[in-house]
Structures are given as C-alpha cells and as structure tokens.
Protein chains: 2
Amino acid sequence: MPGRNGKGPAWWRGKFRGCGYRLTVPRETIIEVLSKAAKHLSAEEIYLAVHKVYPAIGLTTIYRTLELLVQIGLVFKFDFGDGRARYELAEGPKGIRQHYHLVCTNCGRVIDYTDFIDEAKEFLSQTMKALTEKYNFKIANHLIQFYGLCEKCQK
Amino acid sequence: MPGRNGKGPAWWRGKFRGCGYRLTVPRETIIEVLSKAAKHLSAEEIYLAVHKVYPAIGLTTIYRTLELLVQIGLVFKFDFGDGRARYELAEGPKGIRQHYHLVCTNCGRVIDYTDFIDEAKEFLSQTMKALTEKYNFKIANHLIQFYGLCEKCQK
DNA sequence: TTGGGAATGAAAACCATTACCATTTAGGAG
DNA sequence: CTCCTAAATGGTAATGGTTTTCATTCCCAA
Ligand SMILES: [Mn+2]
Ligand SMILES: [Mn+2]
Ligand SMILES: [Zn+2]
Ligand SMILES: [Zn+2]
C-alpha cells in the first residue's frame, strides 16, 4: 500500500489537495481499492474491500467519499440497471483509459471496450460543438452505452 | 380521450394485443397520460396524472405497466440521476421521434435534442456493426447522454 | 502543540421500487 | 349473452440502496 508512510505514486494527490480536501486514511484506502479493482464496483463491494484492510471504515464514508471523487472527476458513477450504482476510477497512474460499455440485459454482464474510440471522438467533438452552440449548454461529460445480449445469453 | 368508447387512433393497440396482453383501463390511461406528457415523467407523476381521471389506480399498477411497456419497447426508461426513473413514450401516432438528451447536472433540467441525428446514426451503425462482430454481442438498444450546465446554471 | 473546522462512523431515517395476496376483470369458450 | 379462468389490479407491508443525523475523532494550518 503506497502512500501513508512513503510518498508512493500519489498520482492523484495533487488534484485532491488542490481542491482543498484533506488526505485521510479512508479516502486513501478507497482510492487504493478502486485502482486495483477488476471492474465496476458497487458501494458495498468497495466497503467490503476497504474493510479488510481498514476495519473501522463505515459505509457512510464510502458513499460520501465516492460522491466527492465523482465531483472531482476522479471517479465515474454508472447505472447498469441492477439497482445499485457502480463506480470506476476515471484515470490511473498511466493516465486516462477512455472506454465505453456493453451491458447485457439478460445476465448483467458489462463489457468494457476501447475499440472505435476514434470514431466516437470524431462523432462526439462534432456533436458537442454543435450542441454547445445551439443550446448554449456547457457539456462536461457524456455517456454512451449499448444494451443487448452477450454471447452466452443469445442461445 | 380516444379509445374506450370510439375506436380512436389506437395506434399502439396492435403491438399491444399482438404480444398477448389484455387491454385494460389502467393500461390505456397510462399510455394516454404518457402520450400527452410534456416530458420525462416519473412513476409518481404518472400515478398522479392517471389518478385524476381514474382514481382507483394503484401505484403498483403504474410500476407494473411501465415495466411491461418498456419490455414491449413502447416506452423508454431513463435515469437522469435524480434518484427516480423517468419514462417517455418511444413512439407516438406520428411515428418514432428519435432524440437524445442533455442533462444539466446542476438544476436537473433535461433538454431533448433531435439535431445531428444523422451523425449519430452514422457513428452508431459503424460502431454497432464492429462491436457485434468483435464481441459477438447482440445490440438491441443504446444510450447517449450529455451532462453539463444549462444556460441558466453557467453564471 | 493546539484549536477548530473537516471528516468519520453508528444508527436511524428516507424513499423509490417490489413482493404479497385477496379481489376484480378481460375476453374467449360455449 | 353468460360463464369461467387466468390475467390484472390495488392496498399494504417489506425491501434495500442511499442519506441524514449527530456525537466523536482527526487533519493540518498557525
Ligand atoms: Mn468500465
Ligand atoms: Mn426525451
Ligand atoms: Zn449475458
Ligand atoms: Zn441547469
């Protein structure tokens, strides 16, 4: 666990402190968990993971911290339709990993895909520019998701 | 109110009956309300609107019917981040009105836009084709939303 | 080291949605 | 038209993810 004692990577600390927020063990641990997560954790899953290394953690802090991280832009919050929010680090030590999601409406599986990002960027920049002008709407973020049946669920 | 007594437009009945579902007053009224809705109603808003003309309605029926309508594809269900689902008729008597949404993250306002649909279609058909091939994922639906600040909230 | 506002955590509250179940109803068979 | 039965309904209770409350703890600038 980098950080606490040494200085560790701390790639996110700059942004964090820059916003005037305090560095705390819970926050650090939550980000730690998110950065190691395979995928799309729910608040409770994050709670359980953090709890293993920091048993004093409270579920409330998980929610509060996630909200904060989403605010800052360090974390994305998704709704894949299973009744609970899912969270994912927006960027890692290696920078932003731009991707979108395929959601299976039958089994709930979520596939990340990074293909065709160029096409998306092209489409998005065009559209966003036009929308901004026409509606005077300041776009900060966007969401693209495809729903359907995964390989297994088609049979 | 078309339907019940006369035959009215009943543009949706075909699809409805075709699926083996019964025609009932609650269902009819709910669709009626949706078709007249200015925009993006929540379950409770639909309940209140239906209640005015059909006081015997139960909230449970609202939810069940909406689920059904979403299933059939007559209604779209959205999550604009305000903690409750929002519903919108997928097609009206005049056919499908393809559009996307701009969501203000400050005041919650949702703007429908129908512009640049051609660009979206172009991008989508390309992307969907490629994704289908690569991941063998059968895409049935998609979601595109832009988040940011509306005109009023930028100041 | 210290003061004070920020952050935390346990428990209770919130609230949109769902489950249950007794009652009603649509609509096809006769 | 009348019956019959599975489908549909609606009131109520339950669920469960998320928020609120508030007393306690902690970060960190001075
Ligand atoms: Mn992802
Ligand atoms: Mn709309
Ligand atoms: Zn699947
Ligand atoms: Zn706004």
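What you see is a predicted model; the values in this text were computed from it and never measured. (Residues numbered from 1 in each chain as written. Chains lettered and ligands numbered in written order. Predicted model: local features only at pLDDT ≥ 70, side-chain atom pairs only at ≥ 80, totals over all residues. Heavy atoms only, no water.)

Novice: Any chance you could explain the protein's contact with DNA strand C here in plain terms?
Specialist: Around DNA strand C, a shell composed of 21 residues is seen, among which Arg22, Thr61 and Arg64 of chain A together with Leu23 and Tyr63 of chain B lie nearest. Restricting the count to atoms of DNA strand C within 4 Å of the protein gives a sugar and phosphate share of 65%. Between a base nitrogen of DNA strand C and a side-chain N or O atom of arginine 22 of chain A, the distance comes to 2.4 Å. In this structure, alanine 56 of chain A approaches DNA strand C through a main-chain N or O atom, which is 2.9 Å from a phosphate oxygen. Only α2 (25-36) and α4 (59-72) of chain A together with α4 (59-72) of chain B provide two or more residues apiece to the surface near DNA strand C. Per-element tally for the surface near DNA strand C: the top contributor is α4 of chain A, with 3 residues. Its residues assigned to classes, the surface near DNA strand C comprises 8 nonpolar, 7 polar and 6 charged. (Near = heavy atom within 4 Å. Polar contact = N/O pair within 3.5 Å; in protein donor to acceptor, adjacent residues only side chain to side chain. Helix = DSSP H or I, 4+ residues; strand = E, 2+ residues; numbered from the N terminus. Nonpolar A, V, L, I, M, F, W, Y, C, P; charged D, E, K, R; others polar.)

Novice: Looking at this model, I keep getting lost on the interface of chain B and chain A. Mind explaining?
Specialist: When the parts come together, some accessible area is lost, and that loss is often what is quoted as the size of the interface. Chain B puts 37 residues into the contact, and the matching count from chain A is 37 residues. Of the roughly 3400 Å² buried between chain B and chain A, counting both surfaces, carbon and sulfur atoms make up 68%. In terms of surface lost to chain A, no three residues of chain B exceed Phe123, Phe137 and Phe146 of chain B, which account for 20% of the buried area on that side. Linking chain B with chain A are 0 salt bridges, by the criterion used here. Taken together, the links from chain B to chain A amount to 12 residue pairs in polar contact (both at pLDDT 80 or more). Sorting the residues of the side of chain B that touches chain A by element identifies β6 (100-104), β7 (110-113), α5 (117-135) and β8 (138-149) of chain B as the ones contributing at least two each. Considering every element that reaches the side of chain B that touches chain A, the biggest residue donor is β8 of chain B, with 12 residues. Here the residues of the side of chain B that touches chain A are counted per class, giving 22 nonpolar, 8 polar and 7 charged. (Contact = heavy atoms within 4.5 Å. Buried area = accessible area lost by both parts, 1.4 Å probe. Salt bridge = Lys/Arg side-chain N within 4 Å of Asp/Glu carboxyl O.)

Novice: Would you explain the pairing of strand β3 (residues 86-89) of chain B in this entry?
Specialist: The side chains of a regular strand alternate between the sheet's two faces. All names here are of chain B. Both faces of β3 are covered, namely the face carrying Arg86 and Glu88 and the face carrying Tyr87 and Leu89. Across 4 bridges, strand β2 (residues 75-78) lies against β3 in antiparallel orientation. By the bridge assignment, phenylalanine 76 is partnered in β3 with glutamate 88. (Buried < 20%, exposed > 50% of the residue type's maximum accessible area, 1.4 Å probe, protein only. Pairing = 2+ DSSP bridges.)

Novice: Can you walk me through the coordination of the zinc ion (ligand 3) in this structure?
Specialist: For a metal bound by four donors in a tetrahedral arrangement, the ideal donor-metal-donor angle is 109.5 degrees, while six donors in an octahedral arrangement ideally sit at 90 or 180 degrees. Residues and elements named next belong to chain A. Note on the zinc ion (ligand 3): its protein donors are Cys104 (SG), Cys107 (SG), Cys150 (SG) and Cys153 (SG). The metal-donor distances range over 2.2 to 2.3 Å. Each of the 4 donor atoms bound to the zinc ion (ligand 3) contributes to angles spanning 105 to 114°, and the resulting shape is tetrahedral. Sequence positions of the donors to the zinc ion (ligand 3) reduce to the motif C-x2-C-x42-C-x2-C. Taken together, the residues cysteine 107 in the loop between β6 (100-104) and β7 (110-113) and cysteine 153 in the segment after β8 (138-149) connect sequence positions 46 residues apart. A relative accessible area of 44% places cysteine 107 in the partly exposed class. When its relative accessible area of 17% is taken as the criterion, cysteine 153 is described as buried. (Donors = N, O, S within 2.8 Å, 3.2 Å for Na, K, Ca; no water. Tetrahedral: all angles 85-135°; square planar, octahedral: opposite > 155°, others 65-115°.)

Novice: Could you clarify how one ought to interpret the domain arrangement of chain A in this entry?
Specialist: Residue and element names in this part refer to chain A. Parsing chain A into structural domains produces domain 1 (1-91) and domain 2 (98-155). For domain 1 and domain 2, the distance between their C-alpha centroids amounts to 24 Å. The junction of domain 1 with domain 2 conceals about 600 Å² of combined surface from both sides, 59% of it contributed by carbon and sulfur atoms. A breakdown of the residues in the side of domain 1 that touches domain 2 according to their chemical character gives 3 nonpolar, 1 polar and 3 charged. (Domains from an automatic or database assignment.)

Novice: Help me out: how do you make sense of the coordination of the zinc ion (ligand 4) in this one?
Specialist: All names here are of chain B. The zinc ion (ligand 4) binds to the protein through Cys104 (SG), Cys107 (SG), Cys150 (SG) and Cys153 (SG), with metal-donor distances spanning 2.2 to 2.4 Å. Taken together, the 4 donor atoms surrounding the zinc ion (ligand 4) define angles of 105 to 112° at the centre, an arrangement classified as tetrahedral. The motif formed by the donor residues of the zinc ion (ligand 4), counted along the single chain, is C-x2-C-x42-C-x2-C. In this pair, cysteine 104 is assigned in strand β6 and cysteine 150 in the segment after β8, connecting sequence segments 46 residues apart. Across this residue pair, the class does not change: cysteine 104 and cysteine 150 are buried.

Novice: How should I be thinking about helix α5 (residues 117-135) of chain A in this particular structure?
Specialist: Structural remark: α-helix, 3.6 residues per turn; residues separated by three or four positions point the same way. Taking 1.5 Å per residue, 19 residues should reach 27 Å; α5 of chain A reaches 25 Å between its end C-alpha atoms and fits that length. Ile117, Ala120, Phe123, Leu124, Thr127, Ala130 and Leu131 of chain A are the residues of α5 of chain A that are buried. (Expected span 1.5 Å × (residues − 1).)

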